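# Report on the structure
Okay, here's what each chain looks like letter by letter:
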2 protein chains.
Amino acid sequence: MNETDAQATRPHTGRRRNEAAHRAILDAALHLLAESDGTPVTIDAIARAAGVGKQTVYRWWPSKGAVLLDALTDRADQDVTDHPDTGALRTDLRAFIGTTFDAAQQSTTASALRTLVREAARDPHLAELMQAFTATRRDALHDLLARGRERGELADHADLDLIVDQVYGVFWYRFLLGHGPLDPAVAERLADTLVAGNDQPGAQAVRRR
Amino acid sequence: MNETDAQATRPHTGRRRNEAAHRAILDAALHLLAESDGTPVTIDAIARAAGVGKQTVYRWWPSKGAVLLDALTDRADQDVTDHPDTGALRTDLRAFIGTTFDAAQQSTTASALRTLVREAARDPHLAELMQAFTATRRDALHDLLARGRERGELADHADLDLIVDQVYGVFWYRFLLGHGPLDPAVAERLADTLVAGNDQPGAQAVRRR
DNA sequence: GTTTGCCGAGACTGCTAGTCTTGTCAAGCG
DNA sequence: CGCTTGACAAGACTAGCAGTCTCGGCAAAC
C-alpha cells in the first residue's frame, strides 16, 4: 500500500556506485579483447584485471557479450568518422570504404572486433546487439549511395542494398578469413568498379555497343 | 628391431571396424546440425543419436568440429554442381552465383551450415578445415573469371580476387545476417553489375564519354 | 550509530569437450 | 576350442567457463 510512498520519499540510500570500477571494467574488457589471440575472453579474467568482483560486472551488464560490445562501442565512439559530402559519388565512396578498411586495420580494434564476432557466434544476445551495430553502418552507406543516385551518378534501378552488401561483404569476408588485403588500393578498386557497374542505363547502352 | 617384421606379418587382428556405426555417426551429426536452432550440437547428443559410445566418435575423428565438417562435406558431395562453360562470362557467372545461392537455401543445408560456422568460431581446428573448404570454392569461381578474361570479357587489369570476394562476401554476409534476400534475381543483378563494372577499358572509356 | 545497498572475494551450479575405465563382443590364430 | 587383439557401448571423470549466490566489509544517508 504505502510502498509507492516509501519509494517516492526515499529515492536512494546506501552506498553509491563506483564509477571508477565501471571504467576499470570497460578498460579491462577492451584490453583483454585486444590482447586475445583468439582465445575467448572470460568474465573472470575481466573482473580480475579490473580488480573487481564478478558480481559487480553482472550488476551492470546482463551478460558477457554486453560488456564486450559496450567496451568496443565505447572505443568506436572515440574514432567516429563522418563522411563529408564531396559532391561526387566516386570520391565519397572511396573515402567511406577506405576509412572503414583503415579503422579495422588498427591492431587493437581489429583483434577486439574479431574476438567479438567469435563471441557473437555463441551468444545470441550479443549477436542481436551486433546486428543493430552493423545495421547503423549499412544505413550510413546506403544514404551516401542514395545521394549519388539523386545526382544521377547511379542508375535509377540500381540495387543500393546489394551495393552496400558488396562493400560490407568483402570487408567482413576478408577481415575474418584474412586471405586477401584490405588496403587503400583495394578500397579504390572496389569503389570504382561498383560505380562503373551500376551507372546510368544510357551509358551502359553506349558501352555495350 | 623386429617390429617392422611383426607388423608386416600381422597386418591386422582383433575385431574389425563397424562401418554401420561410422555412417550412423555422420547421419546423426548431419541431422542434429540441421535440427539445431542455433544451440550448439554436442558430441554426447551425436553419440546418443547414433547409438554409439562417445569414445567411438573420438576414435575416428580428432575433434567435434571434424565430425561436423565431415558430415557436411559428405552431404555437399552429394549435390556437387560443376558449372559448364557456356561460352559467355555473364551466363557462366549468373549460373554459378545462382547455384551457390540455391544450394544454401535448402533448409537442411542452410541450418547445418549456419551451425557449422558458429562452431568454427570457437574451434580453431574446424576453422582451419573450413578455410580449406571455402578456398576450393573461391578457386572454382576464379577459374571461371579467368576464362572470361581470356575471352576479353573482362579488363586485363581486372582484380579477379576482388570480384570473387564480392560474390562470396555478399553471399556469406547475407546468409549469416539474414537481412537481405539471396534469390535468383539478386544473383542475376550481382553477376551483371560485376561484369559491367570490370569490363574492357575501351568500353569504359566510351561509357565515360 | 543504524539502515541501506554497493563492493571484492570466492564458493557453487550447470553445461560441455575431451579422456579414461570397464566390461563385452567379434575376428583371427594356433 | 580357447586365447589374444582390438573395436565397441556405457558412463565416470577432469577441466574450463557463464552466470548465481553468499558473505563480510564499507560508505552514504538519515
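On a predicted model such as this, the values are computed, not experimentally measured, just so you know.

With that settled, the discussion passes to the interface of chain B and chain A. Chain B puts 33 residues into the contact, and the matching count from chain A is 33 residues. Taken together, both faces of the contact between chain B and chain A bury some 3,100 Å²; the carbon and sulfur share is 55%. For the pair chain B and chain A, the number of links is four salt bridges. Linking Asp-165 of chain A and Arg-174 of chain B is a salt bridge whose minimum nitrogen-to-oxygen distance equals 2.5 Å. The tally of links between chain B and chain A comes to 13 residue pairs in polar contact (both at pLDDT 80 or more). The set of elements that each furnish at least two residues to the side of chain B that touches chain A consists of α8 (124-150), α9 (160-177), α10 (184-197) and α11 (201-208) of chain B. With eleven residues, the top contributor of residues to the side of chain B that touches chain A is α9 of chain B.

Another aspect to go through is the domain arrangement of chain A. Residue and element names in this part refer to chain A. Annotation of chain A at the domain level lists domain 1 (3-63) and domain 2 (69-199). One C-alpha centre belongs to domain 1, the other to domain 2; they are set 31 Å apart. In total, domain 1 and domain 2 occlude about 1,100 Å² of area from one another, counting both sides; carbon and sulfur atoms represent 60% of this. Taken together, the links from domain 1 to domain 2 amount to one salt bridge. Here Arg-23 makes a salt bridge to Asp-74, at a shortest N to O gap of 3.2 Å. Joining domain 1 to domain 2, the criterion identifies six residue pairs in polar contact (both at pLDDT 80 or more). Looking at the side of domain 1 that touches domain 2, its residues break down into nine nonpolar, four polar and two charged.

Taken together, 26 residues surround DNA strand D, and among them Arg-16 and Lys-54 of chain A together with Gly-14, Asn-18 and Thr-56 of chain B come closest. In DNA strand D, atoms within 4 Å of the protein come from the sugar-phosphate backbone in 62% of cases. Between DNA strand D and the protein, one listed contact pairs a phosphate oxygen with a backbone N or O atom of Ile-43 of chain A at 3.2 Å. Interatomic distance of 2.7 Å between a side-chain N/O atom of Gln-55 of chain A and a base nitrogen of DNA strand D. Residue contributions to the surface near DNA strand D peak at five residues, all from helix α4 (residues 54-60) of chain B. Looking at the surface near DNA strand D residue by residue, the class counts come to five nonpolar, eleven polar and ten charged.

The subject of this paragraph is the protein's contact with DNA strand C. Taken together, the neighbourhood of DNA strand C is formed by 26 residues, with Asn-18 and Thr-56 of chain A together with Arg-16, Lys-54 and Gln-55 of chain B sitting nearest. Sugar plus phosphate: this is where 64% of the atoms of DNA strand C within 4 Å of the protein reside. A distance of 2.6 Å separates a phosphate oxygen of DNA strand C from a polar atom in the side chain of Thr-56 of chain A. At 3.3 Å from a phosphate oxygen of DNA strand C is found a main-chain nitrogen or oxygen belonging to Ile-43 of chain B. Only α4 (54-60) of chain A together with α4 of chain B provide two or more residues apiece to the surface near DNA strand C. Counting residues per element, the surface near DNA strand C draws most heavily on α4 of chain A, at five residues. Along the lines of polarity and charge, the residues of the surface near DNA strand C split into five nonpolar, eleven polar and ten charged.

Here we come to the pattern of salt bridges. Evaluation of the coordinates by the stated rule reveals 28 salt bridges over all chains. Among the charged side chains, a network of salt bridges with common partners joins Asp-85, Asp-92, Arg-147, Arg-151 and Glu-153 of chain A.

In this section: the relation of the copies chain B and chain A. The two chain copies are connected by a rotation around an axis plus a translation along it. The two copies are related by a screw operation: chain B maps onto chain A through 180 degrees of rotation and 0.0 Å of translation along the axis, at an RMSD of 0.1 Å. The superposition of one copy onto the other is thereby described by a two-fold rotation axis. Counting the interface residues of chain B, we find that 100% of their copies in chain A are interface residues as well, pointing to one common contact surface.

Residues and elements named next belong to chain B. Contact geometry of helix α2 (residues 19-35) with helix α5 (residues 64-76) gives a least axis separation of 9 Å together with a crossing angle of 90 degrees. Taken together, the axes of α2 and α5 lie roughly perpendicular to each other. Contact residues: Arg-23, Ile-25, Leu-26, Ala-29, Leu-30 and Leu-33 in α2; Val-67, Leu-68, Asp-70, Ala-71, Leu-72, Asp-74 and Arg-75 in α5. Grouping the constituent residues of the contact of α2 with α5 by class yields nine nonpolar, no polar and four charged.

Moving on, we get to the nonpolar core. Formed by 60 residues in total, the largest nonpolar core has its most connected members in Leu-93 and Leu-145 of chain A. If one sorts the elements of this core by residue count, helix α9 (residues 160-177) of chain A sits on top with nine residues. Shared between two domains, this core holds at least three residues of each, these being domain 1 (3-63) and domain 2 (69-199) of chain A. Core analysis: the next-biggest nonpolar cluster, separate from the first, contains 59 residues, Ala-28, Leu-30, Leu-145 and Leu-182 of chain B among them.

Throughout the structure, instances matching the rule amount to 14 aromatic pairs over all chains. Considering the side-chain rings of Phe-96 of chain B and Tyr-168 of chain B, the 6.4 Å spacing of their centres and the 85 degrees angle between planes classify their relative orientation as edge-to-face. With a gap of 72 residues between them, Phe-96 of chain B in helix α6 (residues 89-105) and Tyr-168 of chain B in helix α9 connect regions that are remote in the sequence. Just as Phe-96 of chain B is buried, Tyr-168 of chain B falls in that class too. Seen in terms of ring centroids, Phe-171 of chain B and Phe-175 of chain B are 5.6 Å apart; in terms of plane orientation they differ by 15 degrees. Their pairing is stacked. Here Phe-171 of chain B and its partner Phe-175 of chain B are both found in helix α9, four residues apart, which amounts to about one turn of the helix. For the residue pair Phe-171 of chain B and Phe-175 of chain B, the accessibility class agrees, reading buried in each case. Grouping aromatic residues by their ring pairs yields a cluster made of Phe-101, Phe-171, Trp-172 and Phe-175 of chain A. Seen from the ring of Phe-175 of chain A, Arg-114 of chain A lies directly overhead, with NZ or CZ sitting 4.4 Å from the centre.

Cut-off values and rules
- Residues numbered from 1 in each chain as written.
- Chains lettered and ligands numbered in written order.
- Predicted model: local features only at pLDDT ≥ 70, side-chain atom pairs only at ≥ 80, totals over all residues.
- Heavy atoms only, no water.
- Contact = heavy atoms within 4.5 Å.
- Buried area = accessible area lost by both parts, 1.4 Å probe.
- Salt bridge = Lys/Arg side-chain N within 4 Å of Asp/Glu carboxyl O.
- Polar contact = N/O pair within 3.5 Å; in protein donor to acceptor, adjacent residues only side chain to side chain.
- Helix = DSSP H or I, 4+ residues; strand = E, 2+ residues; numbered from the N terminus.
- Domains from an automatic or database assignment.
- Nonpolar A, V, L, I, M, F, W, Y, C, P; charged D, E, K, R; others polar.
- Near = heavy atom within 4 Å.
- Least-squares fit on C-alpha atoms with pLDDT ≥ 70 in both.
- Axes fitted to C-alpha atoms, helices over the stretch in contact; angles between N-to-C directions.
- Parallel < 35°, antiparallel > 145°, perpendicular 65-115°, else oblique.
- Core = buried A, V, L, I, M, F, W, Y, C linked by side-chain atoms within 4.5 Å.
- Buried < 20%, exposed > 50% of the residue type's maximum accessible area, 1.4 Å probe, protein only.
- Phe/Tyr/Trp six-rings, centres within 6.5 Å; stacked < 30°, edge-to-face > 60°.
- Lys NZ or Arg CZ within 6 Å of the ring centre and 35° of its normal.

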